[in-house]
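In case you want the letters, here they are:
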Amino acid sequence: MSTLSKTRHNEEHAHWGGVFAMTLCVFVLIASEFLPVSLLTPIATDLRVSEGLAGQGIAISGALAVLTSLSLTTLAGNLNRKFLLLGMTALMAVSGMIVAMSSSYTVYMVGRALIGVAIGGFWSMSAATALRLVPQRLVPRALAIFNGGNALATVVAAPLGSYLGAVIGWRGAFFCLVPVAIVAFVWQCFSLPAMKTDKGPRSGGSIFGLLSQPLVAIGLLACGLFFMGQFSLFTYVRPFLESVTQVKIATLSLILLTIGVAGFIGTLVISYFLKVGFYSTLIAIPLLMAVIAGMLMFNGHNVWMVTVLLGFWGLMATAAPTGWWTWVARTLPDDAEAGGGLMVAVVQLSIALGSTLGGLAFDHRGWQSTFALSGGLLLAAAGLTFLTSRRK
């Protein structure tokens, strides 16, 4: 039976259990991807590497996510997508165990590489999976539920990771994700329907063909620079708070919670601002974040000022992806799936590059250079977003 026929069949039955099982996967994925942010210092100390090198655990997961998102459809062929999703979920659990039990920096990086494969595989299939689980008219609701797992992880992962790291150690914090991944695996076994694919793989050239359109190329470059600027700074927030602001673990967890809660609020209100002024909102976000990066350079020792500034940073940074995914839907209404796959690759590659460059600057030039780099990248993102709006 063709994919279209299966989609029509779903008009009669929506697999909401599968939607919520995948949402739990989203939570574990996001928590796993960014847990090192709140545990960077103890990871570096235990593995006897610099904080910059420890931060490359985020870079390698982003790099593997890029490769996976661009190649998974071809490599998977006609494999039942249910089995593929189950494999990615199992990979999450394996990654968590490897990282938790890593005896060296190399083993730690192998575990981080595996979570990158799971991230790229899951997100590249998320929209197509939603189409298979629910009627087409309910797809936006299903995707919103998926993103609810993202928002929840954003709120709790960093502060909870920081707290657990202090109580049971950074290895224990990573290991806590393993049983959650196992629960998601079992849930998916029972709730996901068989998702067979049509014979005859689609050409991957359509994805890269989109880059021949100037509007798409400039917009994706603007998006990429935004994520580079965001994660060149955010990856090294904990070392900054501990060494510059000199906060204790309780205050550190509170600040990270503030960032998460502010980000959750941002995801709730961003749609209003996008309706009022779409491109003006996409331009204003990186501009304001660049200002925050600059203000942190001059107020890094003031804990109250730092808390407020990072709260506003979280408010905008967490909401911004909603704007860029909306841009894909507006710009490529007939190629949204291909554009979404390309967006996953751009975002993950940018996270990898941003955290790498930020780590090099942090280790060799000091934290001020990392924040200056972030501000410069964000200003460039704002400029290219303006050019995108003019071309539109």
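If you're wondering where the values come from, they're calculated on a predicted model, not measured in any experiment. (Residues numbered from 1 in each chain as written. Predicted model: local features only at pLDDT ≥ 70, side-chain atom pairs only at ≥ 80, totals over all residues. Heavy atoms only, no water.)

1. Here's the deal with the overall build of the protein chain
Okay, step 1: A count of helices and strands for the protein chain gives 15 helices and zero strands.
Okay, step 2: Split into buried and exposed, the 392 residues of the protein chain put 55% on the buried side.
Okay, step 3: Surface summary for the protein chain: the accessible area is close to 16500 Å², and the carbon and sulfur share equals 69%. (Helix = DSSP H or I, 4+ residues; strand = E, 2+ residues; numbered from the N terminus. Buried < 20%, exposed > 50% of the residue type's maximum accessible area, 1.4 Å probe, protein only. Areas by Shrake-Rupley, 256 points an atom, 1.4 Å probe, with all protein chains shown as cover.)

2. Let's talk about a nonpolar patch on the surface
Okay, step 1: On the surface, a nonpolar cluster with roughly 940 Å² of combined accessible area is contributed by Leu 254, Leu 257, Val 261, Phe 264, Ile 265, Leu 268, Val 269, Tyr 272, Phe 273 and Val 276.
Okay, step 2: Tracing the sequence through the fold places Tyr 272 in helix α11 (residues 249–276). (Patch = residues over 30% accessible without salt bridge, like charges linked within 9 Å, V, L, I, M, F, W, Y side chains within 5 Å. Salt bridge = Lys/Arg side-chain N within 4 Å of Asp/Glu carboxyl O.)

3. Description of the environment of Leu 257
Okay, step 1: With respect to the secondary-structure elements, Leu 257 resides in helix α11.
Okay, step 2: When the C-alpha atoms of Leu 257 and Ala 158 are compared, they prove to be 7.0 Å apart, with 99 residues separating the residues in sequence.
Okay, step 3: Those residues within four positions of Leu 257 in sequence are excluded, and the remaining contacts are Val 155 and Pro 159. (Contact = heavy atoms within 4.5 Å.)

4. Section: the packing of aromatic side chains
We describe a pair of aromatic rings using the distance from one ring centre to the other and the angle between the two ring planes.
Okay, step 1: All chains considered together, the criterion is met by 12 aromatic pairs.
Okay, step 2: Taken together, a centroid distance of 6.0 Å and an interplanar angle of 90° make the contact between Trp 170 and Phe 174 edge-to-face. With Trp 170 and Phe 174 both in helix α6 (residues 139–175) and four residues apart, this pair spans about one turn of that helix. Considered together, Trp 170 and Phe 174 belong to a single accessibility category, that of buried residues.
Okay, step 3: One aromatic cluster is present, built from ring pairs that chain together Tyr 105, Tyr 108, Trp 170 and Phe 174. (Phe/Tyr/Trp six-rings, centres within 6.5 Å; stacked < 30°, edge-to-face > 60°.)

5. Notes on the packing of helix α9 (residues 214–234) against helix α12 (residues 278–299)
Okay, step 1: Where α9 contacts α12, the axes come no closer than 11 Å and their chain directions differ by 25°. One finds that α9 runs roughly parallel with respect to α12. Both α9 and α12 take part in a crossing whose hand is left-handed. From α9, Phe 226, Gln 230 and Leu 233 reach across to α12, where they touch Ile 285, Pro 286, Met 289 and Ala 293. (Axes fitted to C-alpha atoms, helices over the stretch in contact; angles between N-to-C directions. Parallel < 35°, antiparallel > 145°, perpendicular 65-115°, else oblique. Left-handed = near helix turned anticlockwise from the far one by under 90°.)

6. Digging into the pattern of salt bridges
Okay, step 1: What the rule picks out here adds up to two salt bridges.
Okay, step 2: Where Arg 238 meets Glu 242, a salt bridge forms, and the shortest distance between an N and an O atom there is 3.0 Å. Residue Arg 238 and its partner Glu 242 are both found in helix α10 (residues 237–245); the two are separated by four residues, about one turn of the helix.

7. As for the confidence of the model for the protein chain
Okay, step 1: Looking at the protein chain as a whole, its pLDDT mean stands at 83, while 89% of the residues score no less than 70.
Okay, step 2: Averaged pLDDT values for the elements of the protein chain fall to 46 in helix α1 (residues 3–9) and rise to 94 in α12.
Okay, step 3: Confidence drops under a pLDDT of 50 for residues 1–11, and excluding neighbours within four residues, the segment shows 16 contacts in the predicted structure.
Okay, step 4: Across residues 199–205, confidence stays below pLDDT 50; counting only partners more than four residues off in sequence or on other chains, it has three contacts. (pLDDT = per-residue confidence, 0-100.)

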